[in-house]
Amino acid sequence: MSSNTHGLPLHTHKPSRRTTANRIFAVVYGCATLALISHHALSLLNSTTLTSFFITLTFLISDSILAFMFATTQSFHMRPIYRKEFPENLKRVVEESDFPALDVFISTADPYKEPPMNVVNTALSVMAYDYPTQKVSVYVSDDGGSALTLFALMEAAKFARHWLPFCRNNNIVDCSPEAYFAIDRDSHLSDQVENIKVMYKRMEVRVKNVIERGKVAQEYITGEEEIQAFSKWTKEFTRQDHPTVIQVLLESNKDKDITGNLMPNLIYVSREKSKTSTHHFKAGALNVLLRVSAIMTNAPIILTLDCDMHSNDPQTARRALCYILDPEVQPKLGYIQFPQLFRGINKNDIYACEHKRLFQIDPMGMNGLSGSNHLGTGCFFTRRAFFGGPSNFLPPEIPQLSPNNLVDKHIWSSEVMELAYCVAACNYENNTNWGLKIGVRYGSLVEDYFTGYRLQCEGWKSIFCHPDRAAFYGDIPINLVEVLNQNKRWAIGLLEVAFSKFSPITFGTRAMGPLMGLAYAHSGFWPIWSIPIISYAFLPQLTLLNGVTIFPKVSEPWFLLYVYLFLGAYIQDFLDFVLAGGTFYRWWNDQRMWIIRGLSSYLFGLIEFLLKYSGISTHGFNLTSKVLDEDQRKRYEQGTMEFGIPSPLFVPLTMAAIVNLVAFAWGHVEVFRGTSNNLEGLFVQMFIAGFGVVNCIPIYEAIIFRSDGGKIPRKTCVVATFLAFLLYLAAHVTLRNSATKNVF
């Protein structure tokens, strides 16, 4: 199918050929799951001891959660579609002068965890878009209020005068300087490349020197305008308490590159912060950008980017226009989401940072429903989508913030700047709809998930655009504790939505229909994976150590049901992963990290959410560090997991590794001794323990064989061993009267 304008297709889509097979599998697997849950329920009713009742209840709860998550997963398989765009046809449909203006929002918050050179490369890459220059405005939100970040952007503005014409005149597609210079090039451009590379390296050295010093030294401040800009950083200026800073670094109406062409707007924004005002983290910063940009440029299209997510294709904005300019799609189009893709992932992606299911497979499945969820970066929004549903416009409190307002004043004019400072004030949102019904939504640490979800509940549709050439590339954390902390933050934010009045199961299902409701519920209830993962990581092993059979014997029909459920789930997941371009080893590490997250991030996220829900204070938002340690980088490239930082997140992982290994070894001892009358019934428990052992191999290496800085700290090993022993004692006391009995 295609959408045609004047006989020329701007985009096409086709359904997946696996749709019918997916639906049949969903029905068959669902029936098998219901049979197992029914059997658990009957066994629970017929339990004769407290021990059997507890064990059966645990598996009933765990398998019910697995069944629920399976049902939510199938929503992605009901109608997946693949889309293709034809940006080359745009010029025959509309003149470039009629392209809608584009505001780009780049978010950063800490110059030490998010290096300013990442911000520089991201900004330069989108400034080099193949798009009418005077229609592009790049806004950088510095939520840390750092003079170091402002200095880096000032340097970027100077370098852009050379970089943009270089990209334009030579048809460069790797428009991030760092990405471009990372590749050896032996073309006729060698002299030009060397010259501009020297300029870039000089800029990089200046920025890094400023970062190392922690301040902008006097020798780097060369003009009156720069002196005035940095004078705002007084002794009273702190990260959490400072006035608004808005600095126009480039202006499209007057600033030109070395070839005489006008350049895009480049604007630095650091909103006012006060310790007495709630700032709502990234969501609050984005809403300030929405208001400030409305006052200054008010482009109808907004691209949101993380500071480390640089453009990889200058045609990306035109690709988004293939949908935005389609009159059949445009009236209800809220946003166009591109996948998050990453450079620097090691060969087998040991930390599953690719998140192929989250960033590629699941959005593709939602594409055939109401559209992809919002993934936090690489997303083109229509500004109108932030002001109520398609048929329910909610006007902002002042007309200048309306998406229909025409900006007819100079961005440096006193009137514009005065109003921009006003709407960036920390108390501006008091008694308004911002964050509630207008703009990026508050109420969750995962503002991207919540905002996209709320927009679709209001009636907006979305598009998942996954071109052959990646639109954006980002950076990833390269040590395990950063990965797990990031996932823990996501877990808390998702639960804040899942158990709110906007829960996808209730509110979402009514607003969008059952399939979209289940699709959002799948992500929203992610952290409850921890319950079945923990149950299967410990309970079968502890009962095995005490000679208690809790699963059917190999000769019993119910054994075949367990085999089918296990193989069916894993084979479907494997096929989805590989058919989406993955490899076996990456899939294996992906499922291993699913188990690791369940024993750490999801567990701690669930606990922290429950504490917060109970009114007990917990830690707030924590940034994921993008700073690279060379030793960690080497180990990561070698495919070695990093456990070197002492963290409570590693304790349950180490406990599970110990318990599974001991149980697996003890099971073999029982087999060789031949002392058990019920070995056939212990097969499933031995298999689960063995499966756990195979998944825990990196943990055993980090405990026993490694001597580098990435090994598991001795304190963690001691604490985990002690807790594992206590867990065994508790199980032994509880199960001592059930030995050799078949609880199943």
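Residues numbered from 1 in each chain as written. Predicted model: local features only at pLDDT ≥ 70, side-chain atom pairs only at ≥ 80, totals over all residues. Heavy atoms only, no water.

Caption draft 1: Looking closely at the environment of Val483. Following the sequence through the fold, Val483 ends up in helix α14 (residues 480-498). For Val483, a relative accessible area of 2% puts it in the buried group. As a C-alpha pair, Val483 and Ala352 span 131 residues in sequence and 9.2 Å in three-dimensional space. If we skip the residues at most four places from it in the chain, Val483 touches Tyr351, Cys353, Pro477 and Met593. (Helix = DSSP H or I, 4+ residues; strand = E, 2+ residues; numbered from the N terminus. Buried < 20%, exposed > 50% of the residue type's maximum accessible area, 1.4 Å probe, protein only. Contact = heavy atoms within 4.5 Å.)

Caption draft 2: Representation of the sheet that holds strand β8 (residues 301-306). Here eight strands make up an open sheet; going across it, the order is β6-β7-β5-β4-β8-β11-β10-β14 and the pairing mixed. Bordering the open sheet on either side are β6 (245-250) and β14 (461-464), each of which pairs with just one other strand. Between one strand axis and the next, the sheet turns through 20° on average, direction left out of account. Inspection of the sheet shows β8 paired to strand β11 (residues 379-382) by four bridges, in the antiparallel sense. Residue pairing in the sheet places Leu303 in a bridge with Phe380 of β11. (Pairing = 2+ DSSP bridges. Axes fitted to C-alpha atoms, helices over the stretch in contact; angles between N-to-C directions.)

Caption draft 3: The packing of helix α13 (residues 447-457) against helix α15 (residues 504-512), seen in detail. In contact at an axis separation of 9 Å, α13 and α15 are set at 40° when each is read in the N-to-C sense. What the angle tells us is that α13 and α15 run oblique. Contact residues: α13 offers Tyr449, Tyr453, Gln456 and Cys457, while α15 offers Pro504, Phe507, Gly508, Ala511 and Met512. Taken together, the residues of the contact of α13 with α15 sort by class into seven nonpolar, two polar and no charged. (Parallel < 35°, antiparallel > 145°, perpendicular 65-115°, else oblique. Nonpolar A, V, L, I, M, F, W, Y, C, P; charged D, E, K, R; others polar.)

Caption draft 4: Region of the structure containing the UniProt feature "binding site: UDP-alpha-D-glucose" (unreviewed entry) in the protein. Residues given the UniProt feature "binding site: UDP-alpha-D-glucose" (unreviewed entry) here are Ser107, Lys113, Glu114 and Asp143. Over a stretch of 37 residues, the named residues converge on one spot in the fold, their C-alpha atoms separated by at most 12.9 Å. For Lys113, the position within the fold is in the loop between β4 (102-108) and α4 (116-127). Mapped onto the secondary structure, Asp143 falls in the loop between β5 (136-142) and α5 (147-169). Since its relative accessible area comes to 8%, Asp143 is described here as buried. Among all residues touching Asp143, those that are not within four sequence positions of it are Thr108, Ala109, Arg239, Arg271, Lys273, Phe281 and Ala285. (UniProt positions renumbered as here; feature names shortened; annotations may be inferred.)

Caption draft 5: Geometry of the packing of helix α1 (residues 19-45) against helix α18 (residues 557-579). Running from N to C, α1 and α18 point in directions that differ by 140°, and their axes come no closer than 10 Å. Put simply, α1 runs oblique to α18. Where α1 crosses over α18, the handedness of that crossing is left-handed. For the pair α1 and α18, the contacting residues are Phe25, Val28, Tyr29, Ala32, Thr33, Ala35, Leu36, His39 and His40 in the first and Trp558, Leu561, Tyr562, Tyr564, Leu565, Gly568, Ala569 and Gln572 in the second. Looking at the contact of α1 with α18, its residues break down into 12 nonpolar, five polar and no charged. (Left-handed = near helix turned anticlockwise from the far one by under 90°.)

Caption draft 6: Up close: the UniProt feature "binding site: Mn(2+)" (unreviewed entry) in the protein. Here, the residues flagged by UniProt with the feature "binding site: Mn(2+)" (unreviewed entry) are Lys282 and Asp306. These annotated residues cover 25 residues of sequence, and their C-alpha atoms lie no more than 10.3 Å from one another, placing them together at a single site. Residues from the named set that contribute to the lining of the largest cavity are Lys282. Residue placement: Lys282 occurs in helix α9 (residues 281-296). (1 Å grid on protein atoms, 1.4 Å probe; cavity = no way out; pocket = protein on both sides within 12 Å on 5 of 7 lines; lining within 4 Å.)

Caption draft 7: Structural view of the nonpolar core. Counting 209 residues, the largest nonpolar core has Ile106, Val138, Trp163, Val292, Met296, Ile336 and Phe380 as the members making the most contacts within it. The element best represented in this core is α5, accounting for 15 residues. Apart from the residues lying within four places of it in its own chain, the contact partners of Met296 are Tyr139, Ile246, Val248, Ile267, Val407, Ile411, Val416 and Met417. Among the nonpolar cores identified, the runner-up in size contains six residues, and Ala663, Leu682, Met686 and Ala689 belong to it. (Core = buried A, V, L, I, M, F, W, Y, C linked by side-chain atoms within 4.5 Å.)

Caption draft 8: Local environment of the packing of aromatic side chains. Using the criterion set out here, one finds 54 aromatic pairs in the structure. Relative to Phe507, the ring of Phe502 has its centre 5.0 Å away and its plane inclined at 85°; by these criteria the two rings are edge-to-face. An aromatic cluster is defined as three or more aromatic residues linked by ring pairs; in this entry it consists of Phe566, Tyr570, Phe574, Phe584, Tyr585, Trp587, Trp588, Phe687 and Phe691. The ring of Phe502 has Arg454 lying over it, and the distance from NZ or CZ to the ring centre is 4.0 Å. (Phe/Tyr/Trp six-rings, centres within 6.5 Å; stacked < 30°, edge-to-face > 60°. Lys NZ or Arg CZ within 6 Å of the ring centre and 35° of its normal.)

Caption draft 9: Here's a closer look at unusual backbone geometry. One non-glycine residue, His280, lies in the positive phi region at around 60°. With respect to the secondary-structure elements, His280 resides in the loop between β7 (265-270) and α9. Look at His280 and you get partly exposed, because its relative accessible area is 30%.

Caption draft 10: Region of the structure containing the pattern of salt bridges. Counting across every chain of the model gives 31 salt bridges. For the salt bridge of Asp573 with Arg357, the shortest nitrogen-to-oxygen distance reads 3.0 Å. Highlighted residues: Asp573 in helix α18 and Arg357 in helix α11 (residues 356-366), separated in sequence by 216 residues. Across the pair Lys409 and Glu415 runs a salt bridge, and its minimum N-O distance is 3.8 Å. In this structure Lys409 comes out as partly exposed when scored by relative accessible area, which is 39%. Overall, the relative accessible area of 48% leaves Glu415 in the partly exposed class. In the salt-bridge network here, residues are joined through shared partners; they are Arg18, Arg357, Asp362, Asp573 and Asp576. (Salt bridge = Lys/Arg side-chain N within 4 Å of Asp/Glu carboxyl O.)

Caption draft 11: Structural view of the side chain of Asp142. Here Asp142 is to be found in strand β5. No salt bridge is formed by the buried Asp142; its nearest oppositely charged neighbour, Arg239, is found at 6.4 Å. Among all residues touching Asp142, those that are not within four sequence positions of it are Thr108, Ala109, Thr149, Tyr268, Val269 and Ser270. (Lys, Arg positive; Asp, Glu negative; His and termini not counted.)

Caption draft 12: Focus on α13. Across the 11 residues that make up α13, a large majority, 11, are buried. Within the sequence span of α13, burial applies to Glu447, Asp448, Tyr449, Phe450, Thr451, Gly452, Tyr453, Arg454, Leu455, Gln456 and Cys457. A positive phi of about 115° marks Gly459, the residue just after α13.

Caption draft 13: Local environment of empty space enclosed by the protein. Scanning the model with the defined rule gives five cavities of 30 Å³ or more in all. Estimated volume of the largest cavity: approximately 100 Å³. Lining the largest cavity are 14 residues, with Leu286, Thr304, His374, Phe381 and Val440 positioned closest to its centre. Listed by contribution, the elements that provide at least two residues to the lining of the largest cavity are α9, β8 and α13. (Points joined across faces, edges and corners; volume = space filled by probe spheres on them.)

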